[in-house]
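Here are the chains, one letter per residue:
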Amino acid sequence: MEIFKKLKHFYWPFKAYFFWSIVLLLAVTGFTVAYPVILKITIDSVILDQNYGWIPYVAGGFFLITMLKGIAVYFHQYLGDLFGIRAVFELRNALYEKLQYLPFRYYDNARTGDLMSRLTADVEGFRFFLSFGFAQLINLFMLVTLSMGIMFYYSPSLAFVTLGAMPFLIVTVYQFDKKVHPAFKDIRRSFAGMTTKVQENISGMTTVKSLSKEDFEMGRFGEKNTDYKDKYIYTSNIWSKYFPFMELIGHICVVVLLGYGGYLVINGEIQPGVLVAFFSLIWFIINPLMNLGFIVNTFSQAKASGERLLEVLEEPEDIQDKPGAVEKDRLNGHVSFNNVSHRYSEEEEPALQNISFEAAPGKTIGLIGATGSGKTSITQLITRFYEPDSGSLMVDGRSITDYTLKTIRKNTGVVLQESFLFSSTVKDNISYGRPEASMERIIDASKRADAHDFIMQLPDGYDTVLGERGGGLSGGQKQRIAIARAICVDPSILILDDATSAVDMETEAKIQAAFREVMQGRTTFIIAHRISSLLHADEILVLNEGRIVEKGNHYELLNMENGHYRRIYELQYKDKNQFLLEAR
Ligand SMILES: Nc1ncnc2c1ncn2[C@@H]1O[C@H](COP(=O)(O)OP(=O)(O)OP(=O)(O)O)[C@@H](O)[C@H]1O
């Protein structure tokens, strides 16, 4: 119940639909139990007492009740559906919003397929209970109580004897729920595992095919599929064990009713109409109670789904605007790190240790070092994707946390080694960070990123729709669109994380020339493995194992005897010299 309480604010605003649906359900229940009552009157008061003149009225009454029941059922179901659909509409929106604001830390370990299944299958499981299960639970309660009430009214002794086996039925249903709830949770988890596998397989299809791992992948999928099948079979086994037993208990009740009820009729203690009415009423108790398994099942599924949805909704958003955070349209881009250290999780080694440097507005800072030396981590802190464990990170003389996240993100443009392109038009991809950008601005950004010419050669130019993840374009072309996207935002801090590694030397030179113009007035951080990309940087930070080991411009660093930078330079240029020597 705790889960439903926690999710209450999603469905409670629509309680009016629910209440009306229940009021109509009440009417449906009333009309349903009226049948056996009319039947009893027909047998005892019309047929046995030979009041045949009543027959047209009884028939008319039956017809009227059937019509009214039909109308009530229609509106009850319609309003119930509306209640569930409106509630999960809000829930889905809230989940999606949560996904937008969850920190990177969460996504480091999250699995896309699992999240997808939460947003689809789990939301659907919850809706089904709201639309259907909830009302069924109430229907069950009302039908059983009303039927029992009528039975006790007609013949308390027959009611007692007939319902004697009911406690067994209730205990069985309870046992069933205890087993079936964890089983359903497992099914949901297994389904999420399977969708994750499918999603990863599709995303990594190039790797799978290039390494001929199709069979291996089928094997891995087979495991997940088998697990899902086994979990379902296990759950079906629980059903098939419990259901015949529940049915048996129901039929014992009927046998007892016919035996003892028949005896009472023969002895003249009750009228035959009462026995006939009991025969209908008992099924209004047994059927819903047996259905309790199914209702409990939707309830268990909804509980399990609700739990998984709450896991996402309650995930802490550790990086948030602090109260009174400053919103600024434009920052100058003065970045300074003072003794900053950072580790991604408690168990891991620090990714950055005592990092200190100053980047004045408009300056270009190069970051170089072996893989894993912490280059990207520095930029992840500047964008505030993560927060440092210690030290201070200032932007324009104020702590980065003094600004709203929006201010920081609006003022930083990031081009990654492999940027993500959305399956929409080229134009939309370029103006993604600034949707209001004019066509001139988009074209200007593309020209600066050396993308305009190839875009014009696409079938629909800027209106060409790209495939998922920018399919249909070469790596370098995708990268140039991503660079245009960053330029279009007009950020005061530009981060180029190995941004030109996917383009050829000639294009790199062109983009860099364009960058030099674009970089004017912006603080730029260039992460590069090639020294050629850093020649024009005002300052280069050489990183090793999370520490800055050297600092200076290209020439200063080259002059350091036995320096890290010099070693990288020699490694990169040795081949060239060797080649030139051999070519002579
Ligand atoms: N999201 C993360 N979660 C946990 N550890 C991480 C994460 N990102 C980076 N690390 C670790 O932090 C250290 C620094 O990584 P970082 O990505 O900053 O290096 P890098 O110099 O940019 O490397 P590369 O040149 O390969 O991109 C590495 O040891 C890496 O394993």
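This one's a predicted model, so the numbers in the text were calculated from it and none came from an experiment.

(A) Spatial organisation of the overall build of the protein chain. Scanning the protein chain for helices and strands turns up 20 helices and 10 strands. A principal-axis box enclosing the C-alpha atoms of the protein chain has dimensions of 120 × 50 × 45 Å. Buried positions account for 34% of the 584 residues belonging to the protein chain. Across the protein chain, contacts joining residues at least 24 apart in sequence account for 80% of those joining residues at least 6 apart.

(B) Focus on the site of the ligand. In the vicinity of the ligand, the contacting residues are D108, Y344, E348, A351, G369, T371, G372, S373, G374, K375, T376 and S377. Ranked by residues supplied to the shell around the ligand, first place goes to helix α12 (residues 375-382) with three residues. When grouped by side-chain class, the residues that make up the shell around the ligand number two nonpolar, seven polar and three charged.

(C) The nonpolar core, seen in detail. Counting residues in each nonpolar core, the largest one holds 57 residues, and the members touching the most others are L367, A484, A486, I526, I540 and V542. Taken domain by domain, the makeup of this core includes at least three residues from each of domain 2 (326-411 + 492-553) and domain 3 (420-490). Among the nonpolar cores identified, the runner-up in size contains 54 residues, and A72, F134, L275 and F299 belong to it.

(D) Structural detail: the UniProt feature "transmembrane region" (unreviewed entry) in the protein chain. Per the UniProt record, "transmembrane region" (unreviewed entry) is found at residues 12-34, 54-75, 128-152, 158-176, 248-266 and 272-296. Taken end to end, residues 12-34 is 87% helix and 0% strand, and its first and last C-alpha atoms sit 32 Å apart. Here residues 248-266 is 100% helix and 0% strand, with 27 Å between the C-alpha atoms at its ends.

(E) Quick look at the pairing of strand β10 (residues 547-552). As defined by bridge partners, strand β9 (residues 539-544) adjoins β10 across five bridges and the pair is classed as antiparallel. Of the residues in β10, the one forming a bridge with L541 is K551. In sequence, β9 turns back onto β10 through a hairpin of two residues, with E545 there showing a positive phi of about 45°.

(F) Summary view of helix α4 (residues 55-101). For α4, spanning 47 residues, the distance from its first C-alpha to its last is 69 Å, which sits close to the expected 69 Å at 1.5 Å a residue. Within the sequence span of α4, burial applies to A72, H76, L79, G80, F83, G84, A87, V88 and L91.

(G) Expanded view of the domain arrangement of the protein chain. When the domains of the protein chain are assigned, the result is domain 1 (2-313), domain 2 (326-411 + 492-553) and domain 3 (420-490). Taking the mean C-alpha position of each, domain 1 and domain 3 sit 51 Å from one another.

(H) Examining the confidence of the model for the protein chain more closely. Confidence along the protein chain averages 86 in pLDDT terms, with 95% of residues attaining 70 or more. Ranking the helices and strands of the protein chain by mean pLDDT puts strand β1 (residues 335-342) first, with 93, and helix α18 (residues 505-518) last, with 69. Predicted complex metrics record ipTM = 0.94 and pTM = 0.72.

(I) Structural detail: the sheet that holds strand β8 (residues 523-527). Overall, mixed pairing links the six strands, which are arranged β6-β7-β8-β3-β9-β10 in an open sheet. Each edge of the sheet is formed by a strand with only one pairing partner; in this case those strands are β6 (412-415) and β10. Geometrically, the sheet is characterised by an average inter-axis angle of 15° between neighbouring strands, direction not taken into account. Pairing analysis gives five bridges linking strand β7 (residues 493-497) to β8, with the strands arranged parallel. Its bridge partner lying in β8, I495 is registered against F525. Along the sheet face, helix α17 (residues 475-489) touches β6 and β7 and points at about 175° away from the line of β6.

(J) Fine view of unusual backbone geometry. Backbone geometry at S212 places phi at a positive 50°, although glycine is not the residue there. By the secondary structure assignment, S212 is in the loop between α9 (205-210) and α10 (214-266). A positive phi angle, close to 60°, is found at R384, a residue other than glycine. With respect to the helices, strands and loops of the structure, R384 is situated in the loop between α12 and β4 (390-395).

(K) Up close: the sheet that holds β4. Judged by pairing direction, the sheet is antiparallel, and its four strands sit side by side in the order β2-β1-β4-β5 without closing on themselves. Taken across any chain shown, the strands that pair with only one partner, and hence form the sheet edges, are β2 (352-359) and β5 (398-399). With five bridges connecting them, β1 and β2 associate as antiparallel partners. Counted as the bridge partner of V340 is I355 from β2. In the packing of α12 onto the sheet, contacts are made with β1, β2 and β4, and the angle to β1 comes to roughly 115°.

(L) Expanded view of the packing of helix α15 (residues 439-448) against α17. Put simply, α15 and α17 touch, their axes get as near as 8 Å, and they point 125° apart. Relative to α17, the element α15 is oriented oblique. Like other packed secondary-structure pairs, α15 and α17 cross with a definite hand, here right-handed. In this structure, α15 uses R441, I442, A445, S446 and R448 to contact α17, whose residues at the interface are A484, I487 and C488. In terms of residue class, the contact of α15 with α17 is made up of five nonpolar, one polar and two charged.

(M) Main features of the packing of α4 against helix α6 (residues 112-154). Direction vectors running N to C along α4 and α6 enclose 155°, while the axes themselves pass 9 Å from each other. Taken together, the axes of α4 and α6 lie roughly antiparallel to each other. Crossing geometry of α4 relative to α6 is assigned as right-handed. Contacts from G80, D81, F83, G84, I85, A87, V88, L91, R92, L95 and L99 of α4 reach α6 at L115, L119, V123, F126, R127, L130, S131, F132 and A135. For the contact of α4 with α6, the class distribution of residues is 14 nonpolar, three polar and three charged.

(N) Layout of the pairing of β9. The buried fraction of β9 amounts to five of the six residues, a majority that puts the element mostly inside the structure. The sheet contact formed by strand β3 (residues 364-369) and β9 spans five bridges and is parallel. Looking at the pairing, G366 lines up with I540 of β9.

Conventions used here
- Residues numbered from 1 in each chain as written.
- Predicted model: local features only at pLDDT ≥ 70, side-chain atom pairs only at ≥ 80, totals over all residues.
- Helix = DSSP H or I, 4+ residues; strand = E, 2+ residues; numbered from the N terminus.
- Buried ≥ 20, exposed ≤ 12 C-beta atoms within 10 Å, placed from the backbone.
- Contact = placed C-beta atoms within 7 Å.
- Near = placed C-beta within 6 Å.
- Nonpolar A, V, L, I, M, F, W, Y, C, P; charged D, E, K, R; others polar.
- Core = buried A, V, L, I, M, F, W, Y, C linked by C-beta atoms within 7 Å.
- Domains from an automatic or database assignment.
- UniProt positions renumbered as here; feature names shortened; annotations may be inferred.
- Pairing = 2+ DSSP bridges.
- Expected span 1.5 Å × (residues − 1).
- pLDDT = per-residue confidence, 0-100.
- Axes fitted to C-alpha atoms, helices over the stretch in contact; angles between N-to-C directions.
- Parallel < 35°, antiparallel > 145°, perpendicular 65-115°, else oblique.
- Left-handed = near helix turned anticlockwise from the far one by under 90°.

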